[in-house]
Amino acid sequence: MLAIAIIVLALAVLPCSAQPYVARTLEADTVATVVYRRAPRFNGAMQDLNMRIWRPVEMPLQRRPLVVQIHGGGFIDGNYLEMSPFCLNWARRGYVAATVQYRLGAVGSPLLDPPYVYDPHETVRGAWRAVQDVRHAIRYLFANADTYGIDTTTYIVLGMSAGGITALHHAIRDPLDTIPNSVFALSDAERLAGRVQRPSIFEPTDTAAFPLPCAVVNYFGGIIHTDALAGAPLPHLFSYHQTGDIVVNCGAARGLWSVPLPGVSDNWAVIHGTCAIRNLLTQRNVPTDRQQYIIHDGIGHELHNPQLVDSLAAQFCTRCIQPSTTVETAVESDVSSPWQLLTVLGQVLERGIGTRAEAEAAALRYRQYRQCLLIHSKNLYQLIDGKVIHAK
């Protein structure tokens with residue numbers, strides 16, 4: 001099985017050299033480091049959150065697809081600048097690439113500090129805060145699309161470890177999903193160092209609709225809330241794992257399940273890694289042409305060959321990178337499609353399921369919304385089959 005996988009990988013990388021959005025042929029550079037929001041950490045202290053943005057060097061700016069990259073660290077450690085080499089590579093491929101800082105930290109166990117955590121709620125709360133921050137970062141980028149030359153019809157989320165967990169939950173979460181109890185106020189944590197309050201971390205935008213990414217790239221992360229896989233449309237998924245990863249199991253196990261620290265995983269939430277995700281999506285009959293899995297024989301919590309795997313991920317993502325589509329061309333289909341109108345802040349203005357004639361009427365209302373509400377096109381979107389459509 002391993003030999004076959006190696007052959008497939010070798011063949012898959014051959015055509016990459018000349019493929020748009022795969023070959024790293026463009027000159028690219030950092031264009032901005034910005035504070036995109038200010039929010040309370042796990043201990044209540046306020047934090048300014050940064051984001052660094054790369055893009056190809058060109059004048060005038062072209063509209064390019066966006067890739068948002070999220071670092072790992074167990075929601076406790078890590079630095080957003082760790083993703084800088086990956087962002088540079090994706091910018092050289094033709095993307096606007098951004099690495100996002102998100103809030104870190106957790107309440108430790110009664111006796112020990114993290115990575116020992118008080119209970120499984122802490123893992124869930126860490127992941128929830130990270131998704132909140134990433135969504136705020138994407139809203140910021142969409143609102144400043146003209147400045148950075150972003151094509152808001154197409155974006156990708158990519159994450160490693162905890163960043164992969166964040167990317168996956170951002171991609172699969174929708175307004176109909178049940179909000180975990182962990183998000184709301186919990187009883188105080190009684191620690192030897194003192195009592196720690198755990199207030200609600202819910203934000204009003206948590207229940208808002210959000211434009212679906214065209215693809216999510218998960219490097220050795222996983223899913224905590226598998227019930228979120230039901231119902232909502234799923235983006236293209238590229239997922240990588242090593243079979244014996246000791247931090248995030250390729251199957252299903254508590255985080256840090258095999259890290260050699262006595263009892264460190266006892267209070268972590270169960271995380272479903274790449275092997276488990278593949279099985280869950282197979283059971284749900286999700287089309288396999290929208291998925292690619294790289295499962296490598298090893299015990300590392302890392303990419304065994306970063307350049308190869310990242311190139312394969314970029315090649316996979318070209319399946320959903322398409323030219324921008326206007327509302328006028330989007331209504332040419334006779335097939336009934338779900339659609340909704342929403343602002344970049346997630347406010348749903350209207351939704352429905354319609355045929356071509358109904359979609360044409362929706363497109364007219366869409367233009368009327370823009371005119372009557374004086375909302376610029378970069379802040380208003382129409383979604384058809386999970387694909388973000390906006391008028392030129």
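Everything numeric in this text was worked out from a predicted model, so none of it was measured. (Residues numbered from 1 in each chain as written. Predicted model: local features only at pLDDT ≥ 70, side-chain atom pairs only at ≥ 80, totals over all residues. Heavy atoms only, no water.)

### Concerning the pairing of strand β3 (residues 64–70)
Then step 1. For β3, a buried count of seven out of seven residues is recorded, marking the element as mostly surrounded by other parts of the structure.
Then step 2. Direction of pairing for β3 relative to strand β5 (residues 150–160): parallel, over a ladder of six bridges. Looking at the pairing, Ile-70 lines up with Gly-159 of β5.
Then step 3. The pairing of β3 with strand β4 (residues 96–100) spans five bridges and is parallel. Note that in β4 the partner of Val-67 across the bridge is Ala-97.
Then step 4. One crossover worth recording links β3 to the parallel β4 by way of helix α2 (residues 84–93), and it is right-handed. (Buried < 20%, exposed > 50% of the residue type's maximum accessible area, 1.4 Å probe, protein only. Helix = DSSP H or I, 4+ residues; strand = E, 2+ residues; numbered from the N terminus. Pairing = 2+ DSSP bridges. Right-handed = clockwise from strand over helix to strand, strands pointing away.)

### Overview of the nonpolar core
Then step 1. With 58 residues, the main nonpolar core has Met-51, Ile-53, Leu-66, Val-68, Ile-138, Leu-141 and Leu-281 as its most contacted residues.
Then step 2. The element contributing the most residues to this core is helix α3 (residues 120–143), with eight residues.
Then step 3. Not counting residues up to four positions away in its chain, the partners in contact with Leu-66 are Tyr-95, Val-96, Leu-141, Phe-142, Ile-150, Thr-154, Tyr-155 and Ile-156.
Then step 4. Listed in part, the 31 residues of the second largest apolar core include Ile-156, Cys-214, Ala-215 and Leu-312. (Core = buried A, V, L, I, M, F, W, Y, C linked by side-chain atoms within 4.5 Å. Contact = heavy atoms within 4.5 Å.)

### Some remarks on the pattern of salt bridges
Then step 1. Applying the stated criterion across every chain, the model contains 15 salt bridges.
Then step 2. A salt bridge links Asp-133 to Arg-37, with the shortest nitrogen-to-oxygen separation between them at 2.6 Å. Here the residue Asp-133 occupies a position in helix α3, and Arg-37 occupies one in strand β1 (residues 28–40), the gap between them amounting to 96 residues. For the residue pair Asp-133 and Arg-37, the accessibility class agrees, reading buried in each case.
Then step 3. Between Asp-119 and Arg-198 there is a salt bridge, and its shortest N-O distance comes to 2.9 Å. With Asp-119 in the loop between β4 and α3 and Arg-198 in strand β7 (residues 194–198), the pair connects residues that are 79 residues apart, well separated along the chain.
Then step 4. The buried category is assigned to Asp-119, whose relative accessible area is 13%.
Then step 5. Residues joined in a network through salt bridges with shared partners are Arg-37, Arg-103, Asp-133 and Glu-203. (Salt bridge = Lys/Arg side-chain N within 4 Å of Asp/Glu carboxyl O.)

### With respect to helix α7 (residues 306–317)
Then step 1. For α7, built from twelve residues, the straight-helix expectation of 16 Å at 1.5 Å per residue is met to within 8% by its first-to-last C-alpha distance of 16 Å.
Then step 2. Taken across its twelve residues, α7 has ten buried, putting it largely inside the fold. (Expected span 1.5 Å × (residues − 1).)

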